[in-house]
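Chain residues, written in single-letter form:
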Amino acid sequence: MKRYESWTRQPKVNHQTIVPLHWRDELPDLSQFDKLVLPFGLGRSYGDSCLNEHGILLDVTGLNQFIAFDEETGILRCEGGVSIEEILKMIVPRGWFVPVTAGTKYVSVGGAIANDVHGKNHHTAGTFGCHIPQFELWRSDRGRVICSPTENKELYEATIGGLGLTGVILWADIQLKRIPTPFIDMECIKFRTIDEFFDLSEDSHERYHYTVSWVDCLAQEPQLGRGLFTRGNFYDPPLGAKKEPRALPMIPMPIDLPSYAVNPLTVKLFNELYYNKQLRKKIGGVIHYNPFFYPLDAINDWYKVYGKAGFLQYQFVIPYKETREPIKEIFRRIAKSGQGSPLVVFKTFGDIKSPGMLSFPRPGVTLALDFAFRGEKTLKLLDELDRIVFENGGALYPAKDARMSGASFRASYPRWEEFADYMDPKFSSSFWRRVTSS
Amino acid sequence: MLKILVIGATSLIAQETIRHFAADGAEFFLVGLSADKLKMIQDDLLVRGAKQVSTYELDLTRLDKHQELVDTAMETLGVIDAVLVAHGTLTDQKAAEQNVDITLRELNINFLSAVSLLTILANIFEEQKRGVIAVISSVAGDRGRGSNYVYGTAMGAKSIFLQGLRNRLAKSNVTVLTVKPGFVDTPMTAHLKKNPLYSDPRRVGKAIYDAMKSERDILYVPFFWMFIMMIIRNIPERIFKKLSL
Ligand SMILES: Cc1cc2nc3c(=O)[nH]c(=O)nc-3n(C[C@H](O)[C@H](O)[C@H](O)COP(=O)(O)OP(=O)(O)OC[C@H]3O[C@@H](n4cnc5c(N)ncnc54)[C@H](O)[C@@H]3O)c2cc1C
Ligand SMILES: NC(=O)c1ccc[n+]([C@@H]2O[C@H](COP(=O)([O-])OP(=O)(O)OC[C@H]3O[C@@H](n4cnc5c(N)ncnc54)[C@H](OP(=O)(O)O)[C@@H]3O)[C@@H](O)[C@H]2O)c1
């Protein structure tokens, strides 16, 4: 039985009913419902943006048909409930890949648009929404509406990163990218300080489509922000070389941690080992796209690692071009608190602008990490981090938030009022009520 | 490549099954009630890799049209390597108890239409001496229960018909697969409250695909239903009749 909850299983909320959608030409009459509705995809959001307490969820994963694939142009048209996993299964053997992908392939196309997801190639490709030439939206007040940069432009921009609040994305066109092989030619480089990280980022952006780093969040000065920098491109074998290289089974993320690893002492030990696992400054090789993009998909029920109290995921972006002090201060606070799991993703965003009105990515550096929930102590630390993020022009990612204040949301997403004009009057979410009421 | 006749192709379980065959490059002849839905499935299968997909609109309770349907399928495909029969409706038991027309209509959709089709198809398969006939029945046919015995009767009768057919066609090297799903989360059960016994149609479709490829006789899906039904079948009638099931 499918669970209708967020990825952290927090907050726990009840829904009045779940309404499954199966055929795009056979949609329920929304006026028959007395409650507000929200689309629900694969539930890979962490906070309350995919929840609608006391309301109705429209399960859109039944809309999972492909519609057309033009192998000349690489434009794939499919329904909003199709998962990235299904798409990859079909397109990779034909030499194509999704333009942008999150850290899990169990994300639906509708979910990827609604959160305007970003991946390791943000600096070269922007967000998922930058590669959607058009889609069809189904609304309670206007029926089925085609949206593109030229047709219903405002609704198009509101829906990308629109948190499922502008209607149901019935289908979308996705501009795929060509790949020479399903392998990544990658390097993993150790950096001893956060400044070294920024140097590596600068150095890599022109030449590497994909970059991402792991950081030891418990290391203090002088090793503040030490970690491992991963960069790569799709492997293009030199002429005459085998198309199927011998792939490394190496995994560039610390996923092999056992469940006892998330108390402060063991995290420290684990990070120490993980950082030092790589002895040389730089290693490299060819790796299949699965462990490169989706190391976490190898673990089921991730939340179990954290035990009964559960966990929070925290992700922010903060500008760094003028001063790196705020991001350093954040690392200092985390290290001092002794909190934070080994699961950390650190990356610079580029300046490719998304069409989305409420899109999260913006030029700066982004950090995503898990916190085992330890009550007040955890909340207090996050409040401190929030303050630094917001005072320095940063923002939190709604897909991973269940606690930012309404004022902070509204200040960091200044187009929220303009956006509200394009919302479907029948749609709402727990997240939206929270950030617009307090 | 395989050539497959899919009867009741708009069924979600059928779609989840034939998508796998599409990825293998199969050729399809799809039969269903709604031309619009068949067109959507046709597009989906073609993107997934199907070599060719033809569609045929028919209300399968029109038994008089079955011969024409099979003839057209044969003409289009040339040969039928496999057939999947998946159409059906979940009977409103309470309504059926009050109205004999409803009861007979349900038996017609869920049982007689399959008998009519399979009678015609069996002779083709018997002659060609190979192929797979897969039919979706249900665990509901394993024992009659007060809450759904009209549907259960159709399913039970279908399972027995298939048993006999299997016995007959085994001599001709033809596989007859009876699929018995438990509760599956599809449009047919959309109005029912879900419990943890419900399974994902994707999982069911994959299991049917595998069973058709490996020429199985009977498939309980998910597998644990075999044990549940073994227990249910073995409860003495004296006790069973007093249970509210
Ligand atoms: C392990 C892991 C790694 C992740 N890595 C990244 C990452 O690297 N980058 C990143 O950006 N995100 C990442 N995420 C977050 C994830 O990509 C997003 O939360 C994504 O939106 C989830 O999609 P979903 O299909 O599960 O949608 P859900 O979580 O079910 O819903 C998300 C939102 O989409 C809306 N929605 C869903 N379908 C539709 C539709 N058809 N029409 C309209 N609205 C719809 C919902 O209403 C909701 O607001 C990660 C999540 C996990 C669990
Ligand atoms: N879901 C379960 O829990 C479950 C459990 C055990 C067995 N089964 C069996 O599995 C099979 C498939 O069901 P499903 O779960 O996939 O549900 P489904 O998606 O609702 O499929 C049933 C299909 O049968 C079609 N159909 C009904 N009457 C028809 C007619 N007279 N002519 C042509 N087509 C007709 C319907 O077409 P329209 O959509 O156009 O009406 C529908 O697409 C059925 O035989 C069912 O009895 C289901």
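The structure displayed is predicted, hence computed values, not measured ones. (Residues numbered from 1 in each chain as written. Chains lettered and ligands numbered in written order. Predicted model: local features only at pLDDT ≥ 70, side-chain atom pairs only at ≥ 80, totals over all residues. Heavy atoms only, no water.)

What about the overall build of chain B?
Line of reasoning, step 1. Counting secondary structure elements, chain B contains nine helices and seven strands.
Line of reasoning, step 2. The C-alpha atoms of chain B give 18 Å as radius of gyration, which agrees with the globular expectation for 245 residues (18 Å, within 12%).
Line of reasoning, step 3. By its C-alpha atoms, chain B is 55 × 40 × 35 Å across when sized along the principal axes.
Line of reasoning, step 4. Of all 245 residues assigned to chain B, the portion counted as buried reaches 52%.
Line of reasoning, step 5. Sequence-distant contacts, at least 24 apart, represent 72% of the contacts inside chain B between residues at least 6 apart.
Line of reasoning, step 6. Separation between the mean location of the 30 positive side-chain charges and that of the 26 negative ones in chain B comes to 8 Å. (Helix = DSSP H or I, 4+ residues; strand = E, 2+ residues; numbered from the N terminus. Rg over C-alpha atoms; globule rule 2.2 N^0.38 Å. Buried < 20%, exposed > 50% of the residue type's maximum accessible area, 1.4 Å probe, protein only. Contact = heavy atoms within 4.5 Å. Lys, Arg positive; Asp, Glu negative; His and termini not counted. Charge placed at Lys NZ, Arg CZ, Asp CG, Glu CD.)

A word on helix α1 (residues 84-91) of chain A
Line of reasoning, step 1. Of all eight residues in α1(A), six are buried; the element is thus mostly enclosed.
Line of reasoning, step 2. All of the buried residues along α1(A) are Ile84(A), Glu86(A), Ile87(A), Leu88(A), Met90(A) and Ile91(A).

Some remarks on the sheet that holds strand β7 (residues 218-221) of chain B
All names here are of chain B.
Line of reasoning, step 1. Pairing within the open sheet is parallel, and its seven strands lie in the order β3-β2-β1-β4-β5-β6-β7. If you trace the sheet from one side to the other, it starts and ends with β3 (52-57) and β7, each paired once. Going from strand to strand, the sheet's axes swing by 15 degrees on average, the running direction of each strand aside.
Line of reasoning, step 2. Pairing between strand β6 (residues 175-181) and β7: four bridges, direction parallel. Pairing of Thr178 across the sheet is with Ile218, part of β7. (Pairing = 2+ DSSP bridges. Axes fitted to C-alpha atoms, helices over the stretch in contact; angles between N-to-C directions.)

Overview of the site of ligand 1
Residues and elements named next belong to chain A.
Line of reasoning, step 1. Surrounding ligand 1, one finds 33 residues, the nearest of these being Pro39, Arg44, Ser45, Ser108 and Tyr397.
Line of reasoning, step 2. Pro39 is positioned such that a nitrogen or oxygen atom in its backbone is 2.6 Å from an oxygen atom of ligand 1.
Line of reasoning, step 3. Take Gly41: an N or O atom from its main chain is 2.8 Å from an oxygen atom of ligand 1.
Line of reasoning, step 4. Calculation on ligand 1 without its partners gives an accessible area of 980 Å², and the protein chains cover 95% of this total.
Line of reasoning, step 5. Taken together, the elements giving at least two residues each to the shell around ligand 1 come down to β2 (37-40), α2 (109-114) and β9 (168-175).
Line of reasoning, step 6. A class-by-class count of the residues in the shell around ligand 1 yields 18 nonpolar, 13 polar and two charged. (Near = heavy atom within 4 Å. Polar contact = N/O pair within 3.5 Å; in protein donor to acceptor, adjacent residues only side chain to side chain. Areas by Shrake-Rupley, 256 points an atom, 1.4 Å probe, with all protein chains shown as cover. Nonpolar A, V, L, I, M, F, W, Y, C, P; charged D, E, K, R; others polar.)

Remarks on the sheet that holds strand β7 (residues 135-139) of chain A
Where strands meet in a sheet, backbone hydrogen bonds hold them as pairs that are either parallel or antiparallel.
Line of reasoning, step 1. With respect to topology, five strands assemble into an open sheet ordered β4-β5-β9-β7-β8 (chain A), the strand pairing being antiparallel. In this open sheet, the two edge strands, each paired with only one partner strand, are β4 (66-70) and β8 (143-147) of chain A. Across this sheet, the average inter-strand angle for adjacent strands is 15 degrees, counted without regard to direction.
Line of reasoning, step 2. Contacting β4, β5 (75-79) and β9 of chain A, α1(A) crosses the sheet at an angle of about 40 degrees to β4(A).
Line of reasoning, step 3. The sheet contacts of helix α2 (residues 35-48) of chain B involve β4 and β5 of chain A, and relative to β4(A) the element is tilted by about 45 degrees.

Here we look at the packing of aromatic side chains
All names here are of chain A.
Line of reasoning, step 1. Applying the stated criterion across every chain, the model contains 34 aromatic pairs over all chains.
Line of reasoning, step 2. Where Phe191 meets Phe197, the ring centres are 5.5 Å apart and the plane angle is 55 degrees; that geometry is what we call tilted. When sorted by exposure, Phe191 lands in the same class as Phe197, which is buried.
Line of reasoning, step 3. Feature note: the residues Phe97, Tyr210, Phe234, Tyr289, Phe292, Phe293 and Tyr294 constitute an aromatic cluster, connected by ring pairs. (Phe/Tyr/Trp six-rings, centres within 6.5 Å; stacked < 30°, edge-to-face > 60°.)

Focus on the nonpolar core
Line of reasoning, step 1. Counting residues in hydrophobic clusters, the biggest one holds 109 residues, and the most contacted among them are Ile87(A), Ile91(A) and Phe97(A).
Line of reasoning, step 2. Counting 34 residues, the second-largest nonpolar core is a separate cluster that includes Phe21(B), Ala26(B), Val179(B) and Leu219(B). (Core = buried A, V, L, I, M, F, W, Y, C linked by side-chain atoms within 4.5 Å.)

A closer look at helix α1 (residues 12-23) of chain B
All names here are of chain B.
Line of reasoning, step 1. Taking 1.5 Å of rise per residue, 12 residues should cover 16 Å, and α1 covers 17 Å from first to last C-alpha, within 8% of that figure.
Line of reasoning, step 2. Taken together, the buried positions of α1 are occupied by Leu12, Ile13, Ala14, Gln15, Glu16, Thr17, Ile18, Arg19, Phe21 and Ala22.
Line of reasoning, step 3. Lining the buried residues of α1 we find β1 (3-7), β2 (27-32), α2, β4 (82-85), β5 (132-136) and α7 (201-213).
Line of reasoning, step 4. Among the residues of α1, the N-terminal cap falls to Ser11, whose side-chain oxygen and the backbone nitrogen of Ile13 are separated by 3.2 Å.
Line of reasoning, step 5. Of the residues flanking the end of α1, it is Gly25, one or two places downstream, whose phi is positive at about 90 degrees. (Expected span 1.5 Å × (residues − 1).)

Focus: the interface of chain B and chain A
Line of reasoning, step 1. On the chain A side, the residues contacting the 22 residues of chain B number 18 residues.
Line of reasoning, step 2. When chain B packs against chain A, close to 1,700 Å² is buried across both sides, 53% of that on carbon and sulfur atoms.
Line of reasoning, step 3. The interface formed by chain B and chain A includes two salt bridges.
Line of reasoning, step 4. Counting the contacts that link chain B with chain A gives nine residue pairs in polar contact (both at pLDDT 80 or more). (Buried area = accessible area lost by both parts, 1.4 Å probe. Salt bridge = Lys/Arg side-chain N within 4 Å of Asp/Glu carboxyl O.)

From the geometry alone we can't say anything about function, so treat these as descriptive.
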